[in-house]
Each structure stands twice: as C-alpha cells, then as structure tokens.
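Structural description and commentary
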Amino acid sequence: MNQGIRRLFVLILGLFVLLLAGTVRWTVIEADELNANSRNARPLLQTARVPRGTIRAADGTLLARSVKQSDGTYVRRYTQEAQQASQLIGWAYTNSGVSGMEKEHQDDLTGKVRSAATLLSALRGNTERGNDVVATLEPKVQQAGLNGLNGRRGAAVAIDVKSGGVLAMVSTPNFDPNQMRNNDSASRIQNDSAGGSPAFNRATQAGYPPGSTFKVVTTAAALESGDYTPTTLVDGSSPLKVETVDLNNFGRKSYGKITLTQALTNSVNTAFARVAEDLGAAPMADAMDAFGFGKIPLIDYPDQQLYASGVYDRDDASQLLEVNDDLDIARVAIGQERLRVTPLQMGLVAAAVARDGQLPRLSTVQRVVDPDGRTLSELDADGDDAGRVMSERDAADLTAMMEKVVEEGSGTAAALSGLRVAGKTGTAERNIRENVTQPWFIGFAPADDPQVAVAVTIERTIGGTGGVDAAPIARAMMEEALR
Amino acid sequence: MILRRIRDLALLIPASLLVAIGFASVFANQGGQLSDLSLLYGAGFLGLCIVAHVIAMSALPDADPYLLPLIAVLACFGLVELYRIDESLARQQATWFILGIGAFSATIFLLRKDYRVLRDYRNLIALAGVLMLLAPRIPGLSNPENGAYLSVALGPVAFQPTELAKLCLVLYLASYLADNRQLLVQEARGPFGLLPPLKYLLPLLAVWGVTMVMLFFIQDIGSAIMYFGVGLAMLYVATGRLLYPVVGLTLFAFGARLLYELRPTIQNRVEAWQDPLNPELIDKVGGSGQLAQGLFAQADGGMLGEGLGGSLMRYFETGATSPLPAAKNDFIYALIVSEVGLIGAAGLILIYLLIVWRGFKVALVAHDSFSKLLALGLATVFALQVFVIVGGVTKLIPLTGVTLPFVSSGGSSIVANFVLLALLLLVSDRARRDTREDLQRAKMGAWR
C-alpha cells in the first residue's frame, strides 16, 4: 500500500504546484491586463481613497486641491487660476480620466513616489495623502498672455531660459476643469469643435504654419554651416522663381544685395530662399533636428497631448516627412511647404538661441513636496540641457540679429523700455484671397542676459501681422516675467 | 521528555509571531492605534492554540508534533484576515475555535484507548453521514443560499453537514476497504480479468453512490468533487489497481457531462469559468462577477501584496457593498493574495502542503490497513478541499464553494476539521508508539 500512498502524494504535490501556478498567473503574468481592465474599479478607487496633493503655481497661488465628500472619497476642485491654464493643468476625475499635468504627475500627486521618511510617518498613523506639486506656472505671465489674446483663438508660451520651466502656456479658448467631473459637460467640452475645442491644447497639439519665425532656424543653419556670417551679402531681389512658381517678398518689395542681418530684420523671403538653396537640404535638416523638430518636445507632459513639429505630407496630414532634397527647401526655409509647428516648439527655438545655443529640457514642475513638507524633487535653477543646437558664438550672432528685428525691423512692437529684446515676427498666410493671416512672434529678453523666451500666435486674423498683433502680447508676457 | 515538551511548545512560535505581526499591521494599515483589546484577542487566541497543543501532547505523547503547530499557523492567519474584514467575524471565529477544540478533545478522549473500534460501526457511520446530507432538505431545517442547500439552521447557527459527512465517508471507506481489499484484489475476474465480483464492490458503491446523489440533491458540487476524489484515491491505494481511478474518472466525465446538460446552474458556472472577464457575464446574475472581482483582487496584490489590512474591501468608506463579496469564506484566498501577495500565498500553500505531507507520513508509518487508509483518506480529503476552493478562485477549475480549511469563516468547517485533526493524531500516536515499542523489543531481544 505504501507505494500507492507515495504515488498519491506526488499527485497531490502536482495539484498544489498547479495552485501556485494559477496564483502566479493572476498576480504576475496577467496582473497588468487585469489592472487595466475597464471593469476593474480597484485602481481608480485606490486613488479616490487617497486625497491627491495640491497643485500650486510658482507664486503659491492654489490651482487644484482635493476635497472630501460625504461618502469619504475625495474629489478635485480647480481654482479660477487653474481655469486660465486649463489645458496645462488638465483634470483628474474617476469618470473622465486624467489629463495634462494631473496625468503626467499622477504618481507624485497620489503619493506613489515616497521617501523612506514619508513611509515611516505613514506607519506612525499619519493620514495618507498625495504629494504637493508646485508648478513652474506664473499666473501673472499666463494672465498677460490671455489678456493679449483677448478672446481670439491662439496660443502663447513663456519659458524660463535658465531652468527650462514653463512660465506660461496659454491656449484659447480654455475651459473650466471642474466641469470635467460631470459626464455630460465633460463630453460637451471634449467634443465642442464649434466652440474651438477648448480641451485641445493649441500650445502643444496644434500644427500651425510658422511663417517667417522659421527664418531663425534657417539663419542658425546658415551660421552653423560656416559659409555665412551676419554680414555676408545675400540677394534679396524679388521675385524669385522656385520650381516654376514665383516667390515674393512681403509687399512684393525687392531688395538688392543686403547683409544676412538686414535680410532677417526685414524678413526678406527671397534672400532666405536663396540661402537655403545654396546650403542644400542636409544643413537645414541638421538644424531642424537639433532644435527638436521631427519629434515631440522633451517636457513632462503627456505624450498624447504633444505634437511633433516638422514638414508633413501634403496628402496625409499625419505623415511626417524627412527633410531632404525631395522637398522644396527654399519654401521650407521661409516657413512654408506644409511646415507644421506648435507654439511650444517655436518657444523652444527662441529659448535655444537665448540659452547660448543649448536646447533646454522643459519642465512644468518646480518642486514636489511630501505631506510632511519635505522636498522630494526640485527643478535645478540651471535646468537641464537637451542638446546643443549651435555654437555659443553663432548663438550670440543670431541674438544680435534678432535684436535688430525688434530695434528697427518688423518687431518693434515687442520693444521694452530700458531692456534689450531679441525676436522675430511671422505672418503665415492662411487664405490669400480673403486676406486671412496667422500672426506670430517669438523672442526673448533681456538680450544681454536672457531670462524668458516666448512664442505667441493668433490662429486667425484678417490682415493682421506678427509685428502688429503678436509682438505686443509677447512684450506684455516678457514684461510680467521680468518684473 | 521535558526537552521534548519544550520543543513542542516552541513549535507554536511561528503562529504567535503571525498573530502579533498580523494584528499590528492590520491596525497600522487601518490608521488606528494598537489597543490593548486587540492584543488581548491575539493573546487569547494563542492561549487556545496552546491549550489544544497541551491536550494533544499529554493525551497522545507519541503523535506527530508538527501537525497542530502548522494548523495553528493557518488558524492565526485566518483570524487576522477575518479580523481585518470585520471585528465581529474574528470574535465568532474564536468562539468556534473553542467549540472546535472541545470537539477535538472529546474525540481524543473518547477514542484514546483504540480508535479502531470505529471500524466496527461503519454501517452506522455511513447511515449518519447520509442522514446528515439529507438534513438541509428537511423542511424547517432547510436554509437555502444561492440555490444550494448547504446548511441547516439549528436555532441561530447555520451548520453545514457536508463538512462532518466527509469524515463519515472516509471512516466508512477505510473500514470497508480494510476488510475487503484482499478479496477485491484476489477475486479479480470480469471482462478484463481485473474486475472483482461485483458483490464485494456493491456495498461500497452503494454508500459512495448515495453520498454523491445526496450532494447533487443539495447542490454542493464542490463537496461532491472532494468526496468522489477521496473515494477514488482510497480505492486505488487499497487495491493498488490503476483501473479503478481510470474507470472512476471516465464515469465522472460522463456524469459531469450529463449534469451540465440537466442543470442550468452548472452551465452558468462553467460559462463563467471559461470567460470570467466577459462584461456580459460579469453583469449577469449568477455570472462571473465574483470570480472576476476575485481575479482583480489577486492582481491588485501582485508579488508582495497591499499589506495586511491594505486591500480594498469597500467601494467607499461608508458603503456597504464590497468589491470582493464572500471574502470571509469562498474568496478568502483572493483576499489573502491581495494583502500578502504571491509570496504570502505561496507560504500558505506550502503550509497546507506540509500538513498533507505529515498526514501521508502517518499513513506510511501506520501498521494496519484500516489505520493507513484512514490517515490517507483524511489527508487526501483535506488536500482536495484546498484544491477545490483555491483552484476555483484562481480559475483552474469551475468555482464551487467549499471552505478553505481553518482559514475561512465557518463553524462547521472548523469543528469538522478539528475532528479530522484529532483522528489523524490518534492514528499517528498509535503508529509511532507501536514502532517505538517494536524497536524496544527488538533491542531487548538483541541484548538478550
């Protein structure tokens, strides 16, 4: 009988191994799928049980907090200042999910990121709650951008040149994030295309034609090639025939031999078209790549809400093209040829020039503070470099050239009394027959010790120009940022 | 001798540690402070374990010393989890424990001379078992729950007779097979030259068959699987012929198929088991909702678990509905995985395996075939019970509700399993004493 008993035990051993394997399956192998299952309320309820940390602006203004409800769960409340930066802050509700900073910093805000000291204090019975997040957002700069856009659809960003912190990210129209709590109003906001799709972040998601602001990139490519200096003479005569179609200067004005600086100051299309044709596609592609075109920017913001700037296919708007000789490089150089850019990317172009040719890594968060007041992480005042775009010398030259734009060229409306401002205007034509334009301005200040870089655009004006319509908004934002 | 006693008591240290740490972490996780009352709970419960241990060790000094401490670990673990669900559940469980230890002591006391007297009462025992299974259907005692008639209402207490009836079946089979196994093997003829004359099998098949019919009658499929499995196992070990389990399993497959066609509740169970995450089945009454929630709870636990007291048990702080229904009995394993993770669950399974191993060891060293078959049957039925419920919760097999021995809340289960433990210890004590005495005699003979 003993043999049978031993055999039976082996069988039972096998059954128990199966039990263990079954447990491994659900706890390890398929755990992620189960946690992501839409019928699994646990992950959401876990977060609703713990109050999220607050989000505050850099100046301490409260943006978002969690309020306890009668059923014991917590619900998010957003302040007026959060509404002004609604796309940047985003929202966090059990029904409509999470977006913006609320999404990107979910782990911070729900307290998943903890120090050992915080864990100890939780063991001592201190009530559990998420970490507080202090944003880099400066409400006054944001307000200045909003005021400047004044109800018109558009976007504006302001970047701290030193740290890479996002001081302002305006996208109009905006919305009240508190409304996302309710299913009906949430879907209304998310599907309101007639009302300008307020949930859509124009600063990071909209692909706009950059107009002449792109000449900053072309100039950088020219300077970096070594063949050009600010005083190199270029041909600004108009028109220029490019691939059988005439290319004209603004107001059909024809310039003769002018310096590269003069070409930028007066935004001479034909001069830059010739420069690009002379350079060829490769240096342009290198410069664009270095500025961060062709991929989504380096920023702590959800990937799904970021758009990669670059040249897109004429027939397939989602197809990003490689910059090579197949493209009409002369038109790329002046911001045409299906070039689609986000205001954030153009802000990065200005910031990279301002930062002595170093592309900054962007951040929306200044500081993360645990419930006991300990700082868990903090944005370095010197920021983080995301790669060199051009030499320091070329950056200094380009800065001087952009200063001229504001001193005597198309961007004089951006001038600040007592401060040196560098910038570049742009006016993209959206509908020539109806004279619909999209004004742009990118720039930074002070030119001798850059602190803030901005990019501003208004989606649609009748006959507006970058110098007249966008530059004053940029000036107001820079003024607030430097105050 | 004194050293051995000290060792025996020291074996209870793991259980004590578990109670202390368990209660402390439930408190820490639920944001309370450690109160004297809760420590008293743990201490009292531990006291009970020590009492049981002392009773067993003094009445049965030669019995396996590891079985009771292992079961104490299980019981303490269950108590911590029940305490974590609801304080009153833990209090109830502790009360049942006192009764269980009472039944344990009574069994040992009554059978201390020779448990083998049970062998002579097998027909009476079989009759008692069948009657017990019939009880839940008797009007006035009936207490249906989820379409199954599992329990009888004895005043305020609901009692599940299947738990005790399983002991009756094992006793009957052990006794019958011990008496007739020679005949079953030797008189093997039949179509394959293997089947013994039906007359030797008939009484066995009758009792076994009636039991099975009763179980389907009260709709306790989980217990039916246990009973059937233990019958096959004992028949196999008694005769050494693989043909019995093969024929048995074939019959089982046919029977299961037939039942599947006849019983819509069983069809529902199988459907839910095949695709528990199907949203339609989750929402269906009697569908896969519970099973899916159990799987979600396990996924939540992951490798290390949420910590004792850390699993999500209520939708909202004030809400009555739970994302893990039946956590105190059928789904306690899912709750355990959720709180102590894969690591803790592996530990639990290991403890069950150790208990089964000790049980099989008793069967191996026992001297007579009744004792062997009894120990084997008890250990097997215990192992199958663990497999049926844990396998159901982990979706290895369709879910059928049986208790997780010594861990789930449930009085009849605890009392019955304490009796099971008492019987195992009785067999063990006898077997090891006989071995010891044989050895002594042999030594003396050699010396002489």
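The next point concerns the overall build of chain B. Along chain B, the regular secondary structure elements total 16 helices and two strands. Within chain B, the proportion of its 448 residues that are buried is 49%. Considering only residue pairs separated by 6 or more positions, chain B has 71% of its internal contacts joining residues 24 or more positions apart.

Most of the time, phi is negative for any residue but glycine, and the peptide bond is trans. Omega for the bond connecting T172 of chain A with P173 of chain A falls within 30 degrees of zero, at 0 degrees, which places this linkage in the cis form. Summarising the element assignment, P173 of chain A is placed in the loop between β8 (166–172) and α10 (183–190). Residue P446 of chain A follows A445 of chain A across a cis peptide bond; omega there is -15 degrees. If you trace the backbone, P446 of chain A turns up in the loop between β20 (436–445) and β21 (452–458). In the Ramachandran plot, D356 of chain A falls in the positive-phi region, its phi being about 60 degrees despite a non-glycine side chain. As for its placement among the helices and strands, D356 of chain A is situated in the loop between α17 (343–354) and β15 (358–360). With 18 C-beta atoms counted inside 10 Å, the residue D356 of chain A sits in the partly exposed group. Of note, the phi angle at K395 of chain B is positive, near 65 degrees, even though the residue is not glycine.

Bringing the interface of chain B and chain A into the picture now. Between chain B and chain A, the contact holds 48 residues from the first and 34 residues from the second. For the side of chain B that touches chain A, the elements supplying multiple residues, two or more each, are α9 (221–239), α12 (279–283), α13 (289–301), α14 (332–365) and α15 (369–393) of chain B. When residues in the side of chain B that touches chain A are grouped by element, the largest group, eleven residues, is from α14 of chain B. Class assignment for the residues of the side of chain B that touches chain A results in 31 nonpolar, 13 polar and four charged.

This paragraph deals with the packing of α9 of chain B against α15 of chain B. All names here are of chain B. At their nearest, the axes of α9 and α15 sit 9 Å apart, and the two run at 145 degrees to each other. Relative to α15, α9 is oriented so that their crossing is right-handed. Touching G222, I225, M226, G229, V230, A233, M234, V237 and A238 of α9 are L373, L376, G377, T380, V381, L384, Q385, V388 and I389, all from α15. Grouping the amino acids of the contact of α9 with α15 by side-chain chemistry returns 13 nonpolar, five polar and no charged.

Moving on: the pairing of strand β19 (residues 422–431) of chain A. Residue and element names in this part refer to chain A. The buried count for β19 comes to seven of ten residues, which makes it a mostly enclosed element. Summarising the sheet, β19 and β20 pair through nine bridges and their orientation is antiparallel. The partner of T427 across the bridge, within β20, is P439. Taking the residues between adjacent antiparallel strands as the criterion, β19 and β20 are bridged by four residues, where N435 takes a positive phi near 60 degrees.

Residue and element names in this part refer to chain A. Of all seven residues making up β8, seven are buried, and the element is well covered by its neighbours. Where strand β7 (residues 154–160) and β8 come together, six bridges link them in antiparallel fashion. Each residue of the ladder has a partner; that of I159, found in β8, is V166. The loop that links β7 with its antiparallel partner β8 comprises five residues; one of these, G164, has a positive phi angle of about 80 degrees.

All names here are of chain A. The strand order across the open sheet formed by six strands is β3-β2-β1-β6-β16-β17, and the pairing between neighbours is mixed. Strand pairing shows two members of the sheet lacking a second neighbour, β3 (74–78) and β17 (375–378), which therefore form its edges. The pairing of strand β16 (residues 365–369) with β17 spans three bridges and is antiparallel. In the sheet register, V368 faces β17, and the bridge partner there is S377.

Residues separated by three or four positions in an α-helix point in the same direction, a consequence of the helix having 3.6 residues per turn. By the burial criterion, the buried members of helix α15 (residues 281–291) of chain A are P283, M284, A285, A287, M288, A290 and F291 of chain A. G292 of chain A lies just past α15 of chain A and shows a positive phi near 100 degrees.

On to the environment of D86 of chain B, then. As for its placement among the helices and strands, D86 of chain B is situated in the loop between α4 (67–85) and α5 (87–111). Distance from D86 of chain B to K328 of chain B, taken between C-alpha atoms, is 9.1 Å for residues 242 residues apart in sequence.

Take the nonpolar core next. Ranked by size, the top nonpolar core spans 145 residues in total, and within it C76 and M234 of chain B carry the most contacts. Setting aside its immediate chain neighbours within four residues, M234 of chain B contacts L173, A174, L177, L373, L376 and G377 of chain B.

What counts and how
- Residues numbered from 1 in each chain as written.
- Chains lettered and ligands numbered in written order.
- Predicted model: local features only at pLDDT ≥ 70, side-chain atom pairs only at ≥ 80, totals over all residues.
- Helix = DSSP H or I, 4+ residues; strand = E, 2+ residues; numbered from the N terminus.
- Buried ≥ 20, exposed ≤ 12 C-beta atoms within 10 Å, placed from the backbone.
- Contact = placed C-beta atoms within 7 Å.
- Nonpolar A, V, L, I, M, F, W, Y, C, P; charged D, E, K, R; others polar.
- Axes fitted to C-alpha atoms, helices over the stretch in contact; angles between N-to-C directions.
- Left-handed = near helix turned anticlockwise from the far one by under 90°.
- Pairing = 2+ DSSP bridges.
- Core = buried A, V, L, I, M, F, W, Y, C linked by C-beta atoms within 7 Å.

Purely geometric numbers; function is a separate question.
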